[in-house]
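Observations on chain architecture
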Amino acid sequence: MDIHQQSLTIRNVSKTYANGVVALSNISLEIPRGMYGLLGPNGAGKSTLMRTLATLQEPDEGSIRLGGIDVLCQKEEVRQTLGYLPQEFGVYPNAKAEDLLDYFAVLKGITNRASRREVVEALLKQTNLWDKRRQKLGGFSGGMKQRFGVAVALLGNPKLMIVDEPTAGLDPAERVRFLNLLSELGENSVVILSTHIVEDVSELCTHMAIINKGQILQEAEPIRAVEGLQGLIWRRIVEKSVLPALEREQKIISTKLLSGRTVVHIYSEENPGNGFELVAPDLEDVYFTTMAGYFQKQVMQQEGEAQP
Ligand code: ADP
């Protein structure tokens, strides 16, 4: 299928809640097939956007298209082709994995018993839960619940898969297993992964957007965004006491503790001297530089130069 037929186009979407919080402010994004990371801190507006895409709530303004489908008007069509894994996946603790997945398959419209059995078996195997199929969900670990959520979300081969903050409660081994599972999904559909964890995006996503306070600060391919910071990020290990002075002199983008010492990353177009050394930037530097407002200006300047 033509890649454009499957992409998701979000235009000028805004949402203000009844209490006056502006959760989304004129959001426009072009989301191609594959894994797409929506990265931002808590309260940025990610869940609001995810729920809107999943037809669970209405924006005040804007339009959303998934291929030929108008997402805001043709909700039923979207739901038939949508897989949604919410932040909190409530499970029925006394239900067995196989039974509950079978039940959700009926709800999804797979009424033929034989094909349902095939689908359920395939999904339990794909999510590595086949051995656990007769166990009650109440005894599942966080990672197993998440993988069960993926199995439910995958019913009916969705063209759009929405995954909201999936790795937050997982231990490191579960997280790796879960991310590996997700990475297999991006081949045939649009998969949007909303997260505040930079590594989730850097390990998985071919495209991403950084969102804060309801606004898109940057849209980029992670690899290119990292390349764009070459020669601009400098590091120094300091005593905590010198931080206030440094903050006055430099554009600090992050401070991190390392064995009791403080590692400072700054953004600087010139060699700052003063013991700073140039580092190879990573996606975390992109994120913090963007959040601090430095990278955005740089990208906008480049775009401005390219225009006649
Ligand atoms: P994120 O998923 O990035 O943490 P959310 O979309 O959940 O962000 O929230 C964005 C902003 O909207 C936050 O300030 C949050 O408190 C507010 N918000 C979210 N849901 C509601 C709601 N139902 N009513 C009022 N404010 C809300």
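These notes cover the structure that comes with them.

Definitions and cut-offs
Residues numbered from 1 in each chain as written. Predicted model: local features only at pLDDT ≥ 70, side-chain atom pairs only at ≥ 80, totals over all residues. Heavy atoms only, no water. Near = heavy atom within 4 Å. Polar contact = N/O pair within 3.5 Å; in protein donor to acceptor, adjacent residues only side chain to side chain. Areas by Shrake-Rupley, 256 points an atom, 1.4 Å probe, with all protein chains shown as cover. Helix = DSSP H or I, 4+ residues; strand = E, 2+ residues; numbered from the N terminus. Nonpolar A, V, L, I, M, F, W, Y, C, P; charged D, E, K, R; others polar. Pairing = 2+ DSSP bridges. Expected span 1.5 Å × (residues − 1). Buried < 20%, exposed > 50% of the residue type's maximum accessible area, 1.4 Å probe, protein only. Contact = heavy atoms within 4.5 Å. Axes fitted to C-alpha atoms, helices over the stretch in contact; angles between N-to-C directions. Parallel < 35°, antiparallel > 145°, perpendicular 65-115°, else oblique. Left-handed = near helix turned anticlockwise from the far one by under 90°.

**Focus on the site of the ligand**
Taken together, 13 residues are adjacent to the ligand, and Gly43, Gly45, Lys46, Ser47 and Thr48 come closest. A distance of 3.5 Å separates a nitrogen atom of the ligand from a polar atom in the side chain of Tyr17. Burial of the ligand by the surrounding chains reaches 64%, relative to a free accessible area of 570 Å². The element best represented in the shell around the ligand is helix α2 (residues 46–53), accounting for four residues. Looking at the shell around the ligand residue by residue, the class counts come to five nonpolar, six polar and two charged.

**What about the sheet that holds strand β2 (residues 22–31)?**
Pairing within the open sheet is antiparallel, and its four strands lie in the order β2-β1-β4-β5. Unpaired on one side and paired on the other, β2 and β5 (69–70) mark the two borders of the sheet. Judged from the two bridges that link them, strand β4 (residues 61–66) and β5 form a sheet pairing that is antiparallel. Residue pairing for β5: Leu66 is matched across the bridge by Ile69.

**Regarding unusual backbone geometry**
Phi at Asn26 takes a positive value of approximately 55°, unusual for a residue other than glycine. Looking at the secondary structure, you find Asn26 in strand β2. Here Lys213, not a glycine, exhibits a phi torsion of approximately 50°, which is positive. Among the structural elements, Lys213 can be located in the loop between β9 (207–212) and β10 (215–220).

**Digging into helix α6 (residues 142–154)**
If you check α6, its first and last C-alpha atoms are 18 Å apart, about what 13 residues at 1.5 Å a residue would give, namely 18 Å. Within α6, 11 of the 13 residues are buried, leaving the element largely enclosed by the surrounding structure. Buried-residue contacts for α6 involve β6 (82–85), α4 (97–107), α5 (113–126), β7 (160–164) and α7 (172–185). Gly156 sits one or two residues past α6 and shows a positive phi near 80°.

**Section: the packing of α4 against α6**
Contact geometry of α4 with α6 gives a least axis separation of 9 Å together with a crossing angle of 25°. As the angle between them shows, α4 and α6 are arranged roughly parallel. Every pair of crossing elements has a handedness; the one defined by α4 and α6 is right-handed. Taking contact as the criterion, the partners of Ala97, Leu100, Leu101 and Phe104 in α4 are, on α6, Phe148, Ala151 and Val152. Its residues assigned to classes, the contact of α4 with α6 comprises seven nonpolar, no polar and no charged.

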